[in-house]
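# Topology and contacts: notes
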Amino acid sequence: MTEHQSASKESAGNRKGGGRGQLVQPDEGPDAGSQAGLLARLEELERENARLQAALSIAGSGRDDLLTVTALNEDLRTACDALERSRAAHADSERRLRAILDSAVGHAILTLAPDGRVTSWNPGAVRILGWSGEEAQGRPVDILFPPEDVAAGVPDALRLRALAEGRIQEERAFRHRDGSAVWGVLTIQPLQGDEEGFLWILHDRTEERRMEEAVIAARLHATDILDSIDEALVALDCDYRVICQNRRAEQLDGQSLSAMRGHRLWDVWPQFAGSDLEALCRRTMTERVPTSIEKRFDGEGTTLWLEIRFLPTREGVGCFFRDITMRKRAEDEARASHERAVKILESISDAFYAVDHDWRFTYINRKAEQVWGRSRDTLLGRRTWEAFPKILGSEAFEAQKQALREGREMTIEVMSPTIGNWIEASIYPSSDGLSVYFRDITARRQAQQALLQAKETAEAADLAKGKFLAAASHDLRQPLQALLLFVDVLKPHVQGSQGANALMHLGRGLDALKELLDSLLDMSRLDAGVVQPNIENVSVAPLFDHIAASYRPVAAAKGLELHVSSCNAAARTDRTLLTRMVRNLVENALRYTESGRIDIECRRAGGRLLIEVRDTGIGIPPDHLERIWEEFHQVGNPERDRNRGLGLGLAIVRRLSQLLNHPVDVQSKPGLGTSFVIALPLGRAVEIPVTAAEAATTGRGRFAVVVDDDAIVLLGLETIFREWGYQVLVAGSAQKAVEGLSRAGRRPDLIVADYRLREGQYGTEAVARIRALYDDPGSAPIPGLILTGETGQDCERDAAAHGLGIIHKPVTPRQLGHALGELLGAP
């Protein structure tokens, strides 16, 4: 067939197939070269067909031309069929390739355009990286990298390396769609042929990586555990060569693992060779049994104790070394301490024994053997009740059980059921049981009993003494009180100098007797501890005024000057006791000063208030400065001149100083004089109304009730009060006073009562009954004064509870006047 005929056939075939627009465009073939040739041939035939159709249209129809067209169409059809077969083969090849890619789920396979954008994405990429094909298509490959890698330009660098090297492979971390890390091996290869770009194959090693990291972590953990134990570990293989050691072993042998690995144990430590350690190690290796030993190693000035254990392992033997030097030292010290304790327990005078929690004797000292009369060899290991049956149910055994049960120490004094004597037992529970010390205290108990009886006897005697002092005080003061009152009453009735002189001497004798009685009773009260101070804020000025008024006439009578320098200050003290201290110091100065002056001063110094009594008397020799505080001690009075007192005044000052905590300092120069200084704590200044004894002793018709069970004292008081201008009702009891007041029909202005009346009645009760007769809520209670010879605190507390003043017998009319002045106040 001619070329024109072939062209005609192809042209005819083309028409028969519906023209070019209906041809299936081949896009696949067996290979790229044959497909390109067929396409070129088809285009040539189409161009030829077009030319023939153009010629036919010009020349008209003819048979030759028809044949030519028919032939061309046949050629065209043949070419189209070949192209169709090529396309089918190519599609089949692509399906097989797609199936292979889709089945490679363990790999992410993707292609990139030259600019790094994704052009294809397999299911493995979806599974590994999380992006679907539609989501990934056209995105930059940067989405697969962590932000820090993108910022560092890693994706672009990888593409450039692939272009330069042709094919690269790298293991690194990638980024999943959810932000988690994916570890993989990436292979990059540039695409060949007309299509440019890159083929990326990512092998997912995330799980493998995790397993590797877990293995590494476990290995590190195991190493940390081995390094953390306090034992040195050296692992040997079956040839006794070192394969591993921990850090403690490196510290012990001073060699690193690299230096020891592969060497036999006795090559590393030559001292093991031929020793019992080598024998034990070989036994563990051959018999597969653990062995151990404690070994001492002596160096230059050092000693090391090791506990060495050999344990069979899968590879060979594990050698464990523990430093037990401290434990061995502690054991040695404990052993030495035990030996010392045993020596001590064997040498002490107390009996001692120890029992365990089963009450079995674990130790008995020599003294216990002697006390019990039993050998310790026959007792050790036996229970206490097996050795001593009588102990069951005894107080001693119950105390031991209590100490063990409560876990506390106990000391008891009991009658021992084993020896029949009194014992003192000290019981000490411990983790091992009980330790018991005991001693025979029978003699001590007898002595204590004797002391107790002596104490009771002494207390009875002291009680009797107190009762005697109270009775003596009351009985001695009562007649003296009457004498003092009547001496004052007699003064206006004695005529002539001879009678006045005799009355003066009588008064002085009574004053000396009063002073003696007061001093003796005060000393007894202070020694008996019955004086309790009433601490309050006390202004010093009134006290100094009272002292000046009392002693200035006495000083003038001796030709002495008495200077009083007061101050506007207050002290925390007991008003009455401080007054007694100052009075005693002033009286002492008056007795021992024949000429010159006596000064009484107060001043502030160093946060304290100082009261000084200074004289120009005979002074005190240095060797007497401490003795002056003793009872009945007097300086320069060997003849016991009663004009210089009894020697009790300074002794009372010392006792009051200690009672009030008011230190007294004395300084003296023989022949020049003496200074006594009392130091008192400063108090808060208080205003005290000015009292006037003269106002109190000027009755002005005021009504006084006097109650006393002693007729002579009662008569003396009645006489004094009437001399002072009072209207007086006297009574021997509270009942008689109430009856008398009922007849008088007048409210009293003052009540004076003795404290202890007859038939067990008290003056405070009498005052209360009289006050009750005139009880008026709108007015103050009737002022009352207790005049008593009692020396105890009960009287003072009772008077204070009723709001009454108190003054102790015997009392001079002047002292009574001052007491009434303080009670009634100035008019």
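These lines cover the structure that appears in this document, whether it is placed above or below. Note that the coordinates shown come from a computational prediction; the quantities given were computed from them, not determined experimentally. Residue numbers restart at each chain and count upward from 1, following the sequence in its written direction. It should be noted that, the model being predicted, local features are given only for residues of pLDDT at least 70 and side-chain atom pairs only at 80 or more, the latter also being counted only at that level, while totals for whole chains, interfaces and linings use all residues. Remark: hydrogens and water are excluded; side-chain values derive from all non-hydrogen atoms of the structure.

### Section: the overall build of the chain
Assigned secondary structure in the chain consists of 27 helices and 27 strands. Counting over 827 residues, the chain shows a buried share of 41%. Contacts were defined at the residue level, with two residues in contact if any of their heavy atoms lie within 4.5 Å. Expressed as a percentage of contacts within the chain between residues at least 6 apart in sequence, the contacts between residues at least 24 apart total 58%. When the accessible surface of the chain is summed, it comes to about 44200 Å², and 53% of that surface belongs to carbon and sulfur atoms. A run of DSSP states H or I qualifies as a helix once it reaches four residues; a run of E qualifies as a strand once it reaches two. Both are numbered from the N-terminal end. Relative accessibility under 20% of the residue-type maximum defines a buried residue, over 50% an exposed one, and the middle range a partly exposed one, all with a 1.4 Å probe and only protein chains included. Residue burial considers only the protein chains on display, and all accessible areas are found by Shrake-Rupley using a 1.4 Å probe.

### Focus: unusual backbone geometry
The phi torsion at Tyr240 lies on the positive side, around 65 degrees, for a residue other than glycine. Relative to the elements of secondary structure, Tyr240 occurs in the loop between strand S6 (231-237) and strand S7 (242-245). Non-glycine residue Glu759 carries a positive phi angle of around 60 degrees. With respect to the helices, strands and loops of the structure, Glu759 is situated in the loop between strand S25 (750-754) and helix H25 (763-773). Overall, Glu759 belongs to the exposed group, its relative accessible area being 76%.

### Focus: the side chain of Thr579
Position of Thr579 relative to the elements: it lies in helix H20 (residues 575-591). Polar side-chain contacts of Thr579 include one of 2.7 Å to the backbone oxygen of Arg575. Excluding anything up to four places from it in sequence, Thr579 contacts Leu543 and His546. We define a polar contact as two N or O atoms separated by no more than 3.5 Å, with the added condition that, inside protein, one atom must be a possible hydrogen donor and the other a possible acceptor, whereas residues neighbouring each other in sequence contribute only through side-chain atom pairs.

### Re the sheet that holds S7
Taken together, the five strands give an open sheet; going across it, the order is S7-S6-S10-S9-S8, and neighbouring strands pair in antiparallel fashion. What marks the edges here is a single partner per strand, and that holds for S7 and strand S8 (291-298). Within this sheet the neighbouring strands show an average axis-to-axis angle of 25 degrees, counted without direction. Strands were regarded as paired on the criterion that DSSP finds at least two bridges between them. Note: S6 against strand S10 (residues 316-323), seven bridges, orientation antiparallel. When the sheet's bridge partners are listed, Asp237 is paired in S10 with Gly316. Axis definition: a line fitted to C-alpha atoms, limited for helices to the stretch in contact. Angles are taken between N-to-C directions and run from 0 to 180 degrees. Against the sheet, helix H13 (residues 325-347) engages S8, strand S9 (303-312) and S10, with an angle of about 120 degrees to S9.

### A look at helix H16 (residues 395-406)
By this rule, a helix spans an expected 1.5 Å times one less than how many residues it contains. With twelve residues, H16 ought to run about 16 Å at 1.5 Å a step, and its terminal C-alpha atoms sit 16 Å apart, in line with that. Residues Ala396, Phe397, Ala399, Gln400 and Ala403 constitute the buried set of H16. Down the axis of H16, the smallest arc covering the buried residues is 160 degrees, so these residues share one side. Facing away from the buried side of H16, by more than 90 degrees, are the exposed residues Glu395 and Arg405. Its buried side turned inward, H16 meets strand S11 (351-355), helix H15 (384-387), strand S13 (410-415), strand S14 (422-430) and strand S15 (433-440). Positive phi appears at Gly407, one or two residues downstream of H16, with a value of about 65 degrees. What the arc covers is the set of directions going from the helix axis to the C-beta atoms.

### Examining the packing of aromatic side chains
Aromatic rings from Phe, Tyr and Trp, with only the six-membered ring used for Trp, were paired whenever their centres fell within 6.5 Å, and each pair was classed as stacked if the ring planes differed by under 30 degrees, edge-to-face if by over 60, and tilted otherwise. Taken as a whole and judged by the stated rule, the model has 21 aromatic pairs. A centroid spacing of 5.1 Å and a plane angle of 45 degrees characterise the contact between Tyr755 and Tyr762, whose relative ring orientation is tilted. Owing to a relative accessible area of 6%, Tyr755 belongs among the buried residues under this scheme. A relative accessible area of 26% means that Tyr762 is categorised as partly exposed. Within the aromatic cluster, the residues linked to one another by ring pairs are Tyr353, Phe361, Trp372, Phe388 and Phe438. Its guanidinium or amino end placed over the ring of Tyr240, Arg282 lies 4.8 Å from that ring's centre, counting from NZ or CZ. Charges are assigned to positions over rings by a cutoff of 6 Å between ring centre and Lys NZ or Arg CZ, combined with an angular limit of 35 degrees from the ring normal. If you follow Arg374 out to its NZ or CZ, it ends over the ring of Phe388, 5.2 Å from the centre.

### Quick word on the state of the cysteines
Note on disulfides: each one is a pair of cysteine sulfur atoms within 2.5 Å. Considering all chains together, one arrives at one disulfide under this definition. Across a sulfur-sulfur distance of 1.9 Å, Cys567 and Cys602 are joined as a disulfide pair. Placement of the pair is Cys567 in the loop between strand S17 (561-565) and strand S18 (570-573) and Cys602 in strand S19 (residues 597-605), with a sequence separation of 35 residues. Here Cys567 falls in the buried class, since its relative accessible area comes to 14%.

### A short note on the nonpolar core
Within the largest apolar cluster, 37 residues are counted, with the highest numbers of intra-cluster contacts made by Val582, Val586 and Phe676. Contributing elements (two or more residues each) for this core: helix H19 (540-557), H20, S19, strand S20 (608-615), helix H21 (649-660) and strand S22 (673-681). A per-element tally of this core places H20 first, with eight residues. Put simply, buried Ala, Val, Leu, Ile, Met, Phe, Trp, Tyr and Cys residues joined by side-chain atoms within 4.5 Å make one nonpolar core.

### Some remarks on the pairing of S20
By the criterion of burial, S20 is predominantly enclosed, with six of the eight residues buried. Looking at chain direction, S19 and S20 are connected through eight bridges and run antiparallel. Counterpart to Cys602 in the pairing with S20 is Ile611. Between the antiparallel neighbours S19 and S20 lie two residues, among them Gly606 with a positive phi of about 60 degrees. In the sheet, S20 pairs with S22 via seven bridges, with the strands oriented antiparallel. Each bridged residue has a counterpart across the sheet, and for Leu609 the counterpart in S22 is Leu680.

### Quick look at the side chain of Glu278
Structurally, Glu278 is set in helix H12 (residues 276-287). In this structure the side chain of Glu278 is engaged in a polar contact, spanning 2.9 Å, whose partner is the side chain of Arg282. Setting aside residues no more than four positions away along its own chain, Glu278 makes contact with Trp266, Phe272 and Ala273.

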